Amino acid sequence: MCEKCSKGNFYITTPIYYPSAKLHIGHTYCTVATDAMARFKRMQGYNVLFLTGTDEHGQKIEDKAKEAGVTPKEYVDNIVEGPGGVLDLWKLMNISNDRFIRTTDDYHVAAIQKIFKKMYENGDIYKGTYKGKYCKPCESFWTESQLVDGKCPDCGREVQDAEEEAYFFRLSKYADRIQDLLENTDYLEPRSRVHEMVNNFIKPGLEDLCVSRTSFSWGVPVDFDPGHVVYVWIDALFNYMTALGFQNDKYNDLSEFWPADVHFVGKEIVRFHSIIWPAMLMSLDLPLPKKVYGHGWLLLDGGKMSKSKGNVVDPYLLAEHFGVDALRFFLLRTFPFGSDGNFSNESLISTINVDLANDLGNLVSRTVAMAQKYFGEHLPAEQQEDMEKDTELVQMVSSLRDRYEEQMEHYAFQNALAEIFKVISRANKYIDENAPWVLAKDEANKPRLARVLYNLLETVRICGGLLAPFMPATSEEIGKRLGGADMGWDSLNVYGTLSPEVAVVAGPALFPRIDMDKELAALEELSKPQPQEEEDPLPEPLPEITFDTFEKVEMTVVKVLACEKVKKSEKLLKFTLDDGTKEPRQILSGIAKYYAPEQLVGKTLVAVTNLAPRKMMGQLSCGMLLSAERGDKLNLVMLDDGIAAGSRLV
Ligand code: MSP
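Residues numbered from 1 in each chain as written. Predicted model: local features only at pLDDT ≥ 70, side-chain atom pairs only at ≥ 80, totals over all residues. Heavy atoms only, no water.

S.K.: So what's going on with the overall build of the protein chain? Residues and values would help.
M.R.: Within the protein chain, the secondary structure is distributed over 22 helices and 25 strands. Considering only C-alpha atoms, the protein chain reaches an extent of 95 × 65 × 40 Å along its principal axes. The proportion of buried residues among the 650 residues of the protein chain is 53%. Summed over its atoms, the accessible surface of the protein chain is roughly 29,100 Å², and 49% of this surface lies on carbon and sulfur atoms. Between the centroid of the 73 positive side chains of the protein chain and the centroid of its 96 negative side chains there is a distance of 2 Å. (Helix = DSSP H or I, 4+ residues; strand = E, 2+ residues; numbered from the N terminus. Buried < 20%, exposed > 50% of the residue type's maximum accessible area, 1.4 Å probe, protein only. Areas by Shrake-Rupley, 256 points an atom, 1.4 Å probe, with all protein chains shown as cover. Lys, Arg positive; Asp, Glu negative; His and termini not counted. Charge placed at Lys NZ, Arg CZ, Asp CG, Glu CD.)

Written out as structure tokens, the structure reads:
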């Protein structure tokens, strides 16, 4: 293909991920989708720039680093560049990003300072006092009206009152223009998300947005007001432009690639990309991205997968176990991109078995094996068509690229793959209808047999080529089996591109069938934590804290409903507690040496109940029971029985 006949530029981005912990399958999902789109556009002939990266500032990272006893930069360096980190994960998943931005990169930091100052100078950023409800795990401030049952609308956790001197962005000024943008253009897709944004955020009245913080220091400093750091969204959103050279000299592609063609983002950050981002761009008189696509979440047992809840699925484990292409394929074949989908190991294995081992794998191996068996080196030039038997398949294959393209242009990955797999099923049926093994019995049928196999090989070529954005390595392997056939975009709607005398190359099964029960058991074993992961629950001596910080600790009276030893652990007892809410709370405590479980049932204890949940020995612990040292013994803090579960300690 002519390298220079590009169709134009195409700029696509993923969100930049928080490196507060290792990334999970949900993040992988978004990056794989973006990668498939970038590869598709490159295949069509576009000059693509695909950007991903990490969003490295904020209080949560500062806290995590402190917990780990390292500086915030050391902490994020390890998660981003360390072994098994973000860069390694994208390499493993065969992600073809052209650029990777870290918001701690010097050029980005300096550019954000300039951007903040410009907005201050043009009057769109001003100083005020922030009062609000803050959700620490999500790093989000909310207004009273946005809370759901008084809790964070994103994660459902408790929020805290917070007040501080801060800078604000005049978001309210842009409300009408944003509403017009959302309602009267196709800036935001799927359309259902437009109603959500307009009804939930714009119609109730857009409030100005707090864009600086003084309560933590891990952020881009506001250079004209020491003590303030730029709060995460200005820092985060402008990554899409600084990575092209906006307000810096590191890159120089702004005029070529801005405005972006599409930002892929998860549904919970659609608000930031469809309201705040365009308003900030309007404030600086900059062109808006052409589109924001808000995709759904991968759920686990119907609930959100999240680092702060601790219920995440490890993409490394799955990719190493089932193969990168199988995992990539599964993610985009199973879940409609715009909606939520429930992840399970069972559906992963069954997709691999049905679509990849059975339908695609069988078609490729049977076709190649038969071509070799009946014709050896290559197919003969003399071939005999049978209109009645061939037309349906040939027509389906010839028009496949157009149907696929139509779906891909609308980010409907699942539908694009469905089109390919309809053709694959039709081709498998075509094998049975034409029974090549029967034709092979009579020398006189050889021309007909050759045409049947040619039709099948041409089907494999076109399907294999169109699968490239989803399964790049598999597509390449299919090309090799067809003797290095042309699988370029222009050839994929030209039926008959494959030479009639094609020479095929046999190989092992592309996707061996998986034994569901055996693999599920193996996966369970692999995801069990190692016994040495047991953490010492004894608190370390702590540095001095302010009253404000102390006030954030929620201490609650709890009653022990049940208590038992944790299997394979010498230290841990598992408590089921009544904390005054309807849901029992589970806490693990390292006091097994000092108490028999049965002597604690019915006791009234004190627990810290807003501690981030963590896993010990594979079990979730949601809080910490208070205990005191006496000599070498730990004594649980016990209260009189009359005190009601759920009372707060004051
Ligand atoms: N740092 C911000 C984004 C700033 S973009 C200017 C952020 N980071 S995040 O790490 O929390 O999330 C990044 C993306 O991962 C979001 O689009 C989010 O929706 C996506 N996902 C996180 N968990 C997910 C699933 N379980 N399923 C699908 N996507 C999910 O938000």
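Structure shown, so let's carry the discussion forward.
S.K.: So, unusual backbone geometry: which residues are in play, and what are the values?
M.R.: With glycine set apart, most residues show a phi of negative sign, and most peptide bonds adopt trans. For the bond from E189 to P190, the omega torsion is -10°, close enough to zero to count as cis. Here the bond from W258 into P259 is cis, since omega is 5°, no more than 30 degrees from zero. Its place among the elements puts P259 in the loop between α10 (254-257) and β12 (262-266). Residues other than glycine seldom take positive phi values, yet Q247 does so here, at roughly 60°. Checked against the element boundaries, Q247 lands in the loop between α9 (239-242) and α10. A relative accessible area of 22% means that Q247 is categorised as partly exposed. With a phi close to 60°, Y411 is a non-glycine residue in the positive phi region. The exposure class of Y411 is buried, given its relative accessible area of 7%.

S.K.: So, the site of the ligand: which residues are in play, and what are the values?
M.R.: Around the ligand lies a shell of 25 residues, among which I16, D55, G266, E268 and L298 are the nearest. A distance of 2.8 Å separates a nitrogen atom of the ligand from a polar backbone atom of I16. Within the backbone of G26, a nitrogen or oxygen atom sits 3.3 Å from a nitrogen atom of the ligand. Relative to its unbound accessible surface of 660 Å², the ligand loses 96% to contact with the protein. (Near = heavy atom within 4 Å. Polar contact = N/O pair within 3.5 Å; in protein donor to acceptor, adjacent residues only side chain to side chain.)

S.K.: Tell me about the nonpolar core, and please be specific about residues and values.
M.R.: If you look at the biggest cluster of nonpolar residues, it comprises 110 residues, and the most contacted ones within it are F264, L360, Y404, F413 and I420. In terms of residue count, the dominant contributor to this core is helix α14 (residues 345-375) (13 residues). In contact with F413, other than residues within four places in its own chain, are A33, A36, M37, F264, L332, F337, M408 and F470. Counting 62 residues, the second-largest nonpolar core is a separate cluster that includes Y11, V109, L237 and Y240. (Core = buried A, V, L, I, M, F, W, Y, C linked by side-chain atoms within 4.5 Å. Contact = heavy atoms within 4.5 Å.)

S.K.: Lay out the sheet that holds strand β1 (residues 9-17) with the relevant residues and their values.
M.R.: Read from one edge of the open sheet, six strands run β3-β2-β1-β12-β13-β7, paired in parallel fashion. At either end of the open sheet lies a strand with only one pairing partner, and these are β3 (99-102) and β7 (188-189). Both strand β2 (residues 47-54) and β3 contribute to a ladder of four bridges, which runs parallel. Residue pairing across strands places G53 opposite I101, the latter belonging to β3. (Pairing = 2+ DSSP bridges.)

S.K.: Can you lay out the sheet that holds strand β15 (residues 303-304) for me, pointing to particular residues and giving the numbers?
M.R.: The strand order across the open sheet formed by three strands is β15-β14-β16, and the pairing between neighbours is mixed. Two strands in the sheet have a free side with no partner beyond their single neighbour: β15 and β16 (341-343).

S.K.: Can you tell me about the packing of aromatic side chains, naming the residues and giving the values?
M.R.: Applying the stated rule across the entire model yields 34 aromatic pairs. With 6.0 Å between their ring centres and 70° between their planes, W258 and W277 make a pair best called edge-to-face. Taken together, the residues span a long stretch of sequence, with W258 in the loop between α10 and β12 and W277 in helix α11 (residues 270-283) at a distance of 19 residues. Between the aromatic rings of F413 and F470, the centroid separation amounts to 6.3 Å while the plane-to-plane angle is 80°, which identifies the pairing as edge-to-face. One end of the pair, F413, is in helix α17 (residues 413-434); the other, F470, is in the loop between α19 (446-466) and α20 (472-481), and 57 residues separate them in sequence. In terms of burial, F413 and F470 fall into one category: buried. Ring-pair connections join several aromatic residues into one group, and the members of that group are Y29, F264, Y293, F330, F335, F337, F343, Y411, F413 and F470. The lysine or arginine in question, K267, covers the ring of W297, its NZ or CZ lying 4.5 Å from the ring centre. Of note, K446 hangs over the ring of F375, and the distance from its end group to the ring centre comes to 5.5 Å. (Phe/Tyr/Trp six-rings, centres within 6.5 Å; stacked < 30°, edge-to-face > 60°. Lys NZ or Arg CZ within 6 Å of the ring centre and 35° of its normal.)

S.K.: Provide a residue-level description of the packing of helix α6 (residues 175-184) against helix α7 (residues 192-202), including the pertinent values.
M.R.: Geometry of a packed helix pair, given as the angle between the helix axes and the separation of the axes. Remark: α6 packs on α7, axes separated minimally by 9 Å, with the N-to-C direction vectors making an angle of 160°. Our classification of the angle between α6 and α7 gives roughly antiparallel. Here the hand of the crossing between α6 and α7 comes out left-handed. On α7, the residues touching A175, I178, Q179, L182 and E183 of α6 are V194, M197, V198 and I202. (Axes fitted to C-alpha atoms, helices over the stretch in contact; angles between N-to-C directions. Parallel < 35°, antiparallel > 145°, perpendicular 65-115°, else oblique. Left-handed = near helix turned anticlockwise from the far one by under 90°.)

S.K.: Can you break down the environment of Q395 residue by residue, with the values?
M.R.: Inspection of the secondary structure assignment puts Q395 in helix α15 (residues 387-398). Separated by 188 residues in the primary sequence, Q395 and E583 have C-alpha atoms spaced 59 Å apart.

S.K.: Run through the packing of helix α1 (residues 25-44) against helix α13 (residues 324-334), naming residues and quoting values.
M.R.: It is the contact of α1 with α13, at a shortest axis distance of 10 Å, that shows an interaxial angle of 90°. The orientation of α1 with respect to α13, classified from their angle, is roughly perpendicular. Touching I25, T28, Y29, V32, A33, D35, A36 and R39 of α1 are L327, R328, L331 and L332, all from α13. The residue makeup of the contact of α1 with α13, split by class, is eight nonpolar, one polar and three charged. (Nonpolar A, V, L, I, M, F, W, Y, C, P; charged D, E, K, R; others polar.)

S.K.: Got a sec to walk through the state of the cysteines? Specific residues and values, please.
M.R.: Per the counting criterion, the structure on display carries zero disulfides. The thiol of C622 is unpaired, and the distance to the nearest cysteine sulfur, on C155, comes to 13 Å. (Disulfide = S-S within 2.5 Å.)

S.K.: Describe the pattern of salt bridges, naming the residues involved and giving the relevant values.
M.R.: One pass over the structure, following the stated rule, counts 34 salt bridges. Linking R102 and D77 is a salt bridge whose minimum nitrogen-to-oxygen distance equals 2.6 Å. Remark: D77 occurs in helix α3 (residues 72-81) and R102 occurs in strand β3; sequence separation between them is 25 residues. What makes R102 buried here is its relative accessible area of 6%. A salt bridge links D355 to R333; the nearest nitrogen and oxygen atoms lie 2.7 Å apart. Pair noted here: D355 is in helix α14 and R333 is in helix α13, with a separation of 22 residues, a long-range link. (Salt bridge = Lys/Arg side-chain N within 4 Å of Asp/Glu carboxyl O.)

S.K.: Tell me about α11, residues and numbers included.
M.R.: The end-to-end C-alpha distance of α11, which contains 14 residues, comes to 19 Å, matching closely the 20 Å that a straight helix rising 1.5 Å per residue would cover. I276 marks where α11 bends most, by close to 30°; the proline P278 follows one to four residues later. By the criterion of burial, α11 is predominantly enclosed, with 14 of the 14 residues buried. Phi turns positive, to about 60°, at D285, one or two residues after α11. (Expected span 1.5 Å × (residues − 1). Bend = angle between axes of the 7 residues up to and from the residue.)

Functional significance is not addressed by these values, which are geometric in nature.
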